[in-house]
Amino acid sequence: MASLLLLLALSAPGTSLFSPGSGRLLPYDLLYADGVRAYFARDWPRAAELLQRALHSYSQLLEARRGCQSRCREESGFVGPPVAPSWETRFFDRVLQRAECLGECLGRRLGSEPSLHRASREIQEDFEQREPYNYLQVALFQLKKLDEAVSAAHTFFVANPQHLQMREDMEKYQRMAGVKLESFRDLQATPYWEAYKTGVQLYNVDEYLQAAVKLEESLEEVLLALEDCRALCEGPQEDGTEEEMQPGLYEAIAAHYTQVLKCRQHCVLEVATKPGQVSATDDFIPSHLDLLQFAYDQVGNQALAAECAASYLLFYPSDELMLEKMKRYWVELGEGASITARENIQQYVQRSLMEKKLIYYAVEHLGGTFNDPDPWTPDELIPGSLKQKHSENQKKQRLENLDVGEQEQRGPFTFEGITVTVDSHQLNGSQRVVFDRVLTDSECKDILRLAKAAGSTEDGYRGRQSPHTPHERFEGLTVLKALQLAQDGTVNWRDAKLLLHASEKSRKIIESYFTPGKRLHFSFTHLVCRTAVEGDQDDRMDLSHPVHADNCLLDPEGKECWREPPAYVYRDYSGILYLNDDFHGGDLFFTELDAVTITAQVHPKCGRLVAFNSGGENPHGVWAVTRGRRCAIALWYTLSPEHAEQERMEAEDLMRQGDMEQESSHTDVEEHMRADHSGASPEPPTPKGRARSTSRRRTSGSESGQQPQKLRARDEF
């Protein structure tokens, strides 16, 4: 999203990014940025055209890269063993020829410099997750192109089944008159998944001959998709990191080649992961052979059954059941029969094992890590020093797959009772939504009780003049302060925990709605109350909170929002969870960039959660609270782990420690009571005091070496 916003900022509004008939394939990221700009401007014809061109450009770019890699591998391949003493020059001669071939081929097919088509990792992820189709379906719907809109929406939803808004949109499309069943088609469907699904269904009802046909079709397509994926691994790698020191020639070649090999190995997981699913199908290629073996055996074709069994044994040579079947096939086919594994499977296994051997050598001698995607890798291939780590990784992966598999069987994550009351379109903007019934009336009252109890302390939730208006008192409580007050016995422990749980529930809802598949981290959490000052409310012209944006500096005159310090530029999404409505004023409102033109308004009430993107698309403010006390939980989230809220981590540690102490205390009391009943006279249990947590702070984003930033005291809504 950050890269897309940067592209939007750098692209001149009047610049045309496409030139029909020029023969040039324009960069898909620029087309995408201009398409999104047109989308926000509600220029639906231009938005639809540019988004479709961006998707076409992305598809053509991948096809060009795959085609050129295949062609240049044949024309400039490494044929024959190196001959001493000129092996080095012969090797680099081929390297240079391969580079020249790729540059010439891509330049010709793209009609421009290949380097122009290198997009940021964030934009690549948008296309991999089919995000452009989300924008496209809205534009097509506005243009009354219902059939195309449904197809675009369905294409996005297949890969993002947890997206709550799209789920509702799909239900609306299904109820619309004039929408045909065939409109719900996946425009990016991969043929092997449908064939595999049909094959397994036929297999399960004992239709083995028809199952074999479909499974053969699936296996052939899977192997082709695997080659396509592997070809793309040799292209440019944008990992978003910068090395302080450039490695030497051989080190650079070794590091890059190892990276390519790891990417190639990971391809088996990519092609085995169904769109919309998180985990890959276990042993995807061996499972084809296992099913095919049984299907051919059932229809009486022992020759093909034996061939599939021999191919399966390449992966699991000691599988007792399959070895028994092979013995039977030898007897049934006769002594003169020739049973060999399929040649393409032999090549696949041999190539994979050679790559694994090189990777493990590099990890052992040059450092790094490797999570082997295959459970069938022979133990003897793994160096002794890495076997324990490999075993731990495999065990961890199996457990994760079990957890994910259970989630996928249950279907997309749902929130019982929660409703989307108002969506972006009804709020006249983008990435805005209102949920209701996030909290019950009882839960709202408990958190309000926490606010009142904290307000009665000298060192806790102390009211002071609002930083935005002299006509209101402001009170703010963080989750860490709430747990510390609970630890000291000042406030109810359960109420403090409820504050933590309510904010986490809101995070999951917002993450599922806006960023399914991408983790949202807390940036700051604040329980905020604003109380109108009595006798000082006549003819108020000020606001409880002036119009602003949460991650950029709003410039109403220039109608811009500058994403630079001192703005909290790392914030990506914002939320407000309301706790009450027994006050006057205090409505949230959205405006245009001019900070004057109001586009939508939200009235607070218990359990209502309003969420929105933190950027310049959503300038907002709060009307004056003219009577009573308005309380809400203000929430900000970031996609960057290094900017995760440090105080929240401490609060969670404190909560776990407190729960353990409470459990331990209950256990001691129960043991004492049992001892009393048994006639013994033990020492009375000593009440456990609530000592402050002395545990070290956990560091977020340790891989990058960055520490979470300390949030400033003025963080509040």
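Before any of the text, the structure's been laid out above.
Per chain, residue numbering runs from 1 following the sequence as it is written. Confidence filtering applies because this is a predicted model: local features only for residues at pLDDT of at least 70, side-chain atom pairs given and counted only at 80 or more, and all residues used for totals across whole chains, interfaces and linings. Water and hydrogen atoms were dropped before computing side-chain values, which therefore reflect all heavy atoms in the structure.

Participant: How do you make sense of the overall build of the chain when you look at a structure like this?
Facilitator: Each helix and strand in the chain was counted, giving 20 helices and 15 strands. The buried share of the chain, taken over its 717 residues, is 45%. The contact rule is simple, with two residues in contact once any of their heavy atoms fall within 4.5 Å. In the chain, 74% of the contacts between residues at least 6 apart in sequence involve partners at least 24 apart. Looking at the chain as shown, the accessible area adds up to about 37400 Å², and 52% of this sits on carbon and sulfur atoms. In DSSP terms, a helix is any run of H or I states spanning at least four residues, a strand is any run of E spanning at least two, and both are numbered starting from the N terminus. When accessible area is computed with a 1.4 Å probe and restricted to protein chains, residues below 20% of their type maximum are described as buried, those above 50% as exposed, and intermediate ones as partly exposed. Per-residue and other accessible areas were derived by the Shrake-Rupley procedure at a 1.4 Å probe size, with only the shown protein chains allowed to occlude residues.

Participant: In this structure, what is going on with the sheet that holds strand β14 (residues 620-622)? I would like to understand it.
Facilitator: Whether parallel or antiparallel, the strands of a sheet pair through hydrogen bonds between backbone atoms. Between any two strands, at least two bridges found by DSSP are needed for them to pair. Sheet architecture is open: 4 strands sit in the order β6-β14-β11-β12, paired in antiparallel fashion. Edge strands, defined here as strands with exactly one partner in the open sheet, are β6 (545-548) and β12 (598-602). Averaged over neighbouring strand pairs, the angle between their axes works out to 20° when direction is ignored. Each axis is a line fitted through C-alpha atoms, and for a helix only the stretch in contact is used; angles between axes span 0 to 180 degrees, taken between their N-to-C directions.

Participant: I keep staring at the pattern of salt bridges and nothing clicks. Help me out?
Facilitator: Two side chains bearing opposite charge may form a pair once their charged atoms approach each other closely. Salt bridges, as used here, are contacts in which a Lys or Arg side-chain nitrogen is within 4 Å of a carboxyl oxygen on Asp or Glu. Per the stated rule, a full pass over the model turns up 31 salt bridges. Taking the shortest distance from any N to any O, the salt bridge between Glu63 and Arg66 comes out at 3.6 Å. Taken as a pair, Glu63 and Arg66 lie in helix α3 (residues 44-75) at a separation of 3 residues, close to a single helical turn. On the accessibility criterion, Glu63 (38% relative accessible area) is partly exposed.

Participant: What is the right way to look at the nonpolar core in this model?
Facilitator: Nonpolar side chains in soluble globular proteins tend to be buried together. Throughout this description, the term nonpolar core refers to a set of buried Ala, Val, Leu, Ile, Met, Phe, Trp, Tyr and Cys residues connected via side-chain atoms within 4.5 Å. With 47 residues, the main nonpolar core has Phe435, Leu527 and Ile633 as its most contacted residues. With residues near it in sequence (within four places) discarded, Ile633 still touches Ile447, Leu499, Ala502, Thr525, His526, Leu527, Gly575, Ile576, Leu577 and Leu579. Counting residues in each nonpolar core, the second largest holds 46 residues, with Leu25, Leu31, Leu51 and Val138 among its members.

Participant: Help me understand the state of the cysteines, please; the structure alone is not making it clear to me.
Facilitator: In a disulfide, the sulfur atoms of two cysteines are held together by a covalent bond. Note on disulfides: each one is a pair of cysteine sulfur atoms within 2.5 Å. Counting across every chain of the model gives 7 disulfides. What pairs with Cys229 in a disulfide is Cys267, and their sulfur atoms sit 2.3 Å apart. Between Cys229 and Cys267 the disulfide shows an S-S torsion of about -80°. By sign, it is left-handed. Residue Cys229 is located in helix α10 (residues 208-232), and its partner Cys267 is located in helix α11 (residues 249-271); the two are separated by 38 residues in the primary sequence. The residue that forms a disulfide with Cys529 is Cys631, at a sulfur-sulfur distance of 2.0 Å. Its torsion about the S-S bond being 110°, the disulfide of Cys529 and Cys631 is classed as right-handed. Of this pair, Cys529 sits in strand β5 (residues 521-532) while Cys631 sits in strand β15 (residues 625-638), and the two are 102 residues apart along the sequence.

Participant: How should I be thinking about the pairing of strand β2 (residues 432-436) in this particular structure?
Facilitator: Successive residues of a regular strand alternate their side chains across the two faces of the sheet. Among the 5 residues that make up β2, 5 are buried, leaving the element largely enclosed by the rest of the structure. Along β2, one buried face is formed by Arg432, Val434 and Asp436 and the opposite face, lined by Val433 and Phe435, is buried too. Two strands pair when backbone bridges link them, and strand β1 (residues 419-422) and β2 are joined in this way by 3 bridges, in the antiparallel orientation. Bridge pairing links Val422 to Val434 in β2. Inspection of the sheet shows β2 paired to strand β13 (residues 609-613) by 4 bridges, in the antiparallel sense. By the bridge assignment, Arg432 is partnered in β13 with Phe612.

Participant: Would you take a moment to explain the packing of aromatic side chains for this structure?
Facilitator: Two measures describe an aromatic ring pair: the distance that separates the ring centres and the angle between the ring planes. Centres within 6.5 Å are what make two rings of Phe, Tyr or Trp a pair, Trp counting through its six-membered ring; a difference in plane orientation under 30 degrees is then read as stacked, over 60 as edge-to-face, and the rest as tilted. One pass over the full model with this rule turns up 29 aromatic pairs. Note on Tyr39 and Tyr135: the rings are 5.0 Å apart at their centroids and 80° apart in plane angle, and the pair reads as edge-to-face. In this pair, Tyr39 is assigned in helix α2 (residues 28-40) and Tyr135 in helix α6 (residues 131-142), connecting sequence segments 96 residues apart. Tyr135 matches Tyr39 in its accessibility class, with the two residues each being buried. Following the ring pairs from residue to residue traces out a cluster consisting of Tyr28, Tyr32, Tyr39, Phe40, Trp44, Tyr58, Phe127 and Tyr135. Charges are assigned to positions over rings by a cutoff of 6 Å between ring centre and Lys NZ or Arg CZ, combined with an angular limit of 35 degrees from the ring normal. Sitting over the face of the ring of Trp376, Lys356 holds its NZ or CZ atom 5.3 Å from the ring centroid.

Everything listed is a geometric property; what it means functionally is a separate question.
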